[in-house]
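Analysis of the macromolecular model
Here is how the chains run, residue by residue.
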Amino acid sequence: SDPEQVNEQLEEISATATSAIEEVREIAHNLRPYELDRIGLVGAIESMIERVGDSTSIEVSKDLAPIDGLLSQETETSLYRIVQEALHNVIKHSRATTVTVTLKSTPDEIELSVFDDGVSFDPSSERHMGGLGLIGMRERARLVHGRLALTSKPGYGTRVDVHVPLIDVVGI
């Protein structure tokens, strides 16, 4: 019957529900996509690229080396999710007309790159430093002993580069 107490309880319920939703979202995001087991990392990335090309006006190109079978499931999932987040950011924020996804293998590492010609941003600004997408991509790279570099400058667009050492070769 006390309106103030009712408001406090509703705010507490709302905060609890929001927290639960975020937790479920995080759990779902960390699951291994079915496509990885069905068609491999390269096929899954190709499928993702095709969906982006079909559903947006962005011209998507790719150069994907046949690296299936070289990485652990955890590393494949991390690379897939990094590409997914990078493409999501391109679609949502960049106003790009083109994006290129490159995946190649060197004797020492796997190199992944997502490069767009859209508007740039200052990756060191407070507004972008706390972005969960960028934090998540960096954390995914770190968890598989890799490193992520983000380059963004006016007239250039944005580039996400990930390098994962081949210490993660299956069986080692």
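Just above, that's the structure.
Summarised in this report is the structure supplied together with it. Because the structure is a prediction, the values reported are computed rather than measured.

Description of the packing of aromatic side chains
- On inspection of all chains with the given rule, the structure shows one aromatic pair.
- Ring geometry for Phe115 versus Tyr156: centroids 5.2 Å apart, planes at 55 degrees, classification tilted. With Phe115 in strand 3 (residues 109–116) and Tyr156 in the loop between strand 4 (147–153) and strand 5 (157–165), this residue pair connects regions lying 41 residues apart in the sequence.
- Using a relative accessible area of 25% as the deciding quantity, one classes Phe115 as partly exposed.

A few points about helix 2 (residues 34–55)
- Here helix 2 spans only 21 Å end to end across 22 residues, well under the 32 Å set by a 1.5 Å rise per residue.
- Remark: the principal bend of helix 2, roughly 115 degrees, maps to Gly40.
- If you check which residues of helix 2 are buried, you get Glu35, Leu36, Gly40, Leu41, Val42, Gly43, Ala44, Ile45, Ser47, Met48, Ile49 and Val52.
- Of the surrounding elements, those touching the buried residues of helix 2 are strand 1 (59–64), helix 3 (73–94) and strand 2 (98–105).

About the criteria used
- Residue indices follow the written sequence of each chain, beginning from 1 at its first position.
- Local features are withheld for residues below a pLDDT of 70 in this predicted model, meaning they are given only at 70 or higher, and side-chain atom pairs are given and counted only at 80 or more; totals for whole chains, interfaces and linings count all residues.
- Where side-chain values are given, they derive from all heavy atoms of the structure, hydrogens and water being excluded.
- Between rings of Phe, Tyr and Trp, where Trp is taken as its six-membered ring, a pair exists when centres lie within 6.5 Å; planes separated by under 30 degrees are stacked, by over 60 edge-to-face, and by other angles tilted.
- Note on conventions: DSSP H or I runs of at least 4 residues are helices, E runs of at least 2 residues are strands, and numbering of each starts at the N terminus.
- Buried, partly exposed and exposed residues are distinguished by accessible area as a fraction of the type maximum, computed with a 1.4 Å probe on protein chains only: under 20%, between the cut-offs, and over 50%, respectively.
- Each helix should span, by expectation, one fewer than its residue count multiplied by 1.5 Å.
- At any given residue, the bend is defined as the angle formed between two axes, one fitted to the seven residues that end at that position and one fitted to the seven that begin there.
- Here, two residues are considered to be in contact whenever any of their heavy atoms come within 4.5 Å of each other.

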